[in-house]
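Overview (structure and organization)
Take a look at the letters that make up each chain.
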Amino acid sequence: MGVDVKYCEELNYVEIIYNGNVAKDDLIAAFETSFETATKNNTQRYLADCTNLTGGHSVFDLYSLIGLFQQYKVPHTIREAIILPELDKMKENVAFYETAAENRGYIVKLFRTKYEALLWLSK
């Protein structure tokens, strides 16, 4: 799987790092792991680093992923900062995810750098 999930105790957030091609099953596994990690550490803040994401899934996969939020009872008070990928075609997918998540009442925002994302998350 091209995904790494870790908890940053110092700033109290879960970081999900996507690398290369990430298939739908990998997206789901990353979601489950990150949600479990956040719950265990009592945080609702997520940082998704998509800088090196190159593909492997579709917008339909992303839409399905957001559908899982209700199944897992993900609170609408979570905050997810997403660092944009370098590839333009993946930027479109990430922008779709942001819009679809916001349409379901989740707080998701795109950033160009990790610094900007962490500033927003810390508010």
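Structure's up top.
All values derive from a computational prediction rather than experimental measurement. (Residues numbered from 1 in each chain as written. Predicted model: local features only at pLDDT ≥ 70, side-chain atom pairs only at ≥ 80, totals over all residues. Heavy atoms only, no water.)

Side note on the nonpolar core
Tyr18, Phe69 and Tyr97 are the most contacted members of the largest nonpolar core, which totals 30 residues. Discounting chain neighbours no more than four positions away, the residues touching tyrosine 18 are Gly2, Val3, Leu27, Ala30, Ala48, Asp49, Cys50, Asn52 and Leu53. Leu47, Ile83, Phe111 and Ala117 belong to the second-largest nonpolar core, a separate cluster that totals eight residues. (Core = buried A, V, L, I, M, F, W, Y, C linked by side-chain atoms within 4.5 Å. Buried < 20%, exposed > 50% of the residue type's maximum accessible area, 1.4 Å probe, protein only. Contact = heavy atoms within 4.5 Å.)

Let's talk about the pairing of strand β4 (residues 79-83)
Within β4, four of the five residues are buried, which leaves the element mostly enclosed by the surrounding structure. Direction of pairing for strand β3 (residues 45-55) relative to β4: parallel, over a ladder of five bridges. Within β4, the position partnered with alanine 48 by the bridge is isoleucine 82. Handedness of the β3-helix α2 (residues 59-71)-β4 crossover: right-handed. Inspection of the sheet shows β4 paired to strand β5 (residues 107-111) by five bridges, in the parallel sense. The residue of β5 that forms the bridge with isoleucine 82 is leucine 110. A crossover links β4 with its parallel partner β5, the connecting element being helix α3 (residues 88-103), and its sense is right-handed. (Helix = DSSP H or I, 4+ residues; strand = E, 2+ residues; numbered from the N terminus. Pairing = 2+ DSSP bridges. Right-handed = clockwise from strand over helix to strand, strands pointing away.)

Some details on empty space enclosed by the protein
The tally for this structure, following the rule as stated, stands at one cavity of 30 Å³ or more. Taken as a whole, the largest cavity spans an internal volume of roughly 290 Å³. Taken together, 22 residues make up the lining of the largest cavity; nearest its centre are Tyr18, Ala48, Leu65, Glu80 and Tyr97. The set of elements that each furnish at least two residues to the lining of the largest cavity consists of β2 (13-21), α1 (24-40), β3, α2, β4 and α3. (1 Å grid on protein atoms, 1.4 Å probe; cavity = no way out; pocket = protein on both sides within 12 Å on 5 of 7 lines; lining within 4 Å. Points joined across faces, edges and corners; volume = space filled by probe spheres on them.)

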